[in-house]
Amino acid sequence: MRIRHRTPEDLDACVEALATVHAADRYPVNWPDDPGGWLTPDDLAMAWIAAEGGAVLGHVGLTSDAEITRLFVAPAARGRRLARLLLDAVRAAVHTPLKLEVSSEGAAAIALYERSGWRRVGSSRAEWLNAAGEPALLHHYEMTS
C-alpha cells in the first residue's frame, strides 16, 4: 500500500471506492450527480490517495484555505490505519494550521480526529440534511503543527 498524490487518472477508481463508502456509511449523505466533480471541488488545492494493486483504498483532499475534505477509506481496507496515514501525508506537505469539519453522525471519524490530536473549536448546523432529514450538526476541528 502506498500513499501518493492523486492524479487525474485515479479519479474513476476514487469514485468506485467512494461508492463502496456511500453504500456502507451513506457518505456522502446524498450521492452526487457528478461524483468525480464532488471529489474535485473548485477550491481543492491537493489530494492524496492510498493505493494498492491499482485499487484506491482511501482518499483525502485539501482546500486552498487549508481545510481537510473528502476523507474516506473503503470498507474493505479499514483497520489498516489508512485514514491516519492520509492525514499524516497532508500534515507532512502543509506546514500551516489545518482545519476540518465532521458531521456528528461520524462517530468513528470524530474518535480518530480526537485520538490524533485534533481539537474541537466549535459546532454549527449545515445547509445540507443528515440521514434523519435535519440540518446536520457539524463539529469544527483544528490541528496545529
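Up top is the structure.
Calculation rules
- Residues numbered from 1 in each chain as written.
- Predicted model: local features only at pLDDT ≥ 70, side-chain atom pairs only at ≥ 80, totals over all residues.
- Heavy atoms only, no water.
- Pairing = 2+ DSSP bridges.
- Helix = DSSP H or I, 4+ residues; strand = E, 2+ residues; numbered from the N terminus.
- Axes fitted to C-alpha atoms, helices over the stretch in contact; angles between N-to-C directions.
- Contact = heavy atoms within 4.5 Å.

Q: How should the sheet that holds strand β3 (residues 55-63) be read in this particular structure?
A: Backbone hydrogen bonds hold the strands of a sheet together, and the pairing may be parallel or antiparallel. Within the open sheet, the 4 strands sit side by side as β1-β2-β3-β4. Their pairing is antiparallel. In this open sheet, the two edge strands, each paired with only one partner strand, are β1 (2-5) and β4 (68-73). Direction aside, neighbouring strands of the sheet carry axes that sit 20 degrees apart on average. As judged from the 8 bridges shared by strand β2 (residues 44-52) and β3, these two strands associate in the antiparallel manner. Residue pairing for β3: E52 is matched across the bridge by A55. Those strands touched by helix α1 (residues 11-25) are β2, β3 and β4, and its axis lies near 70 degrees from that of β4.

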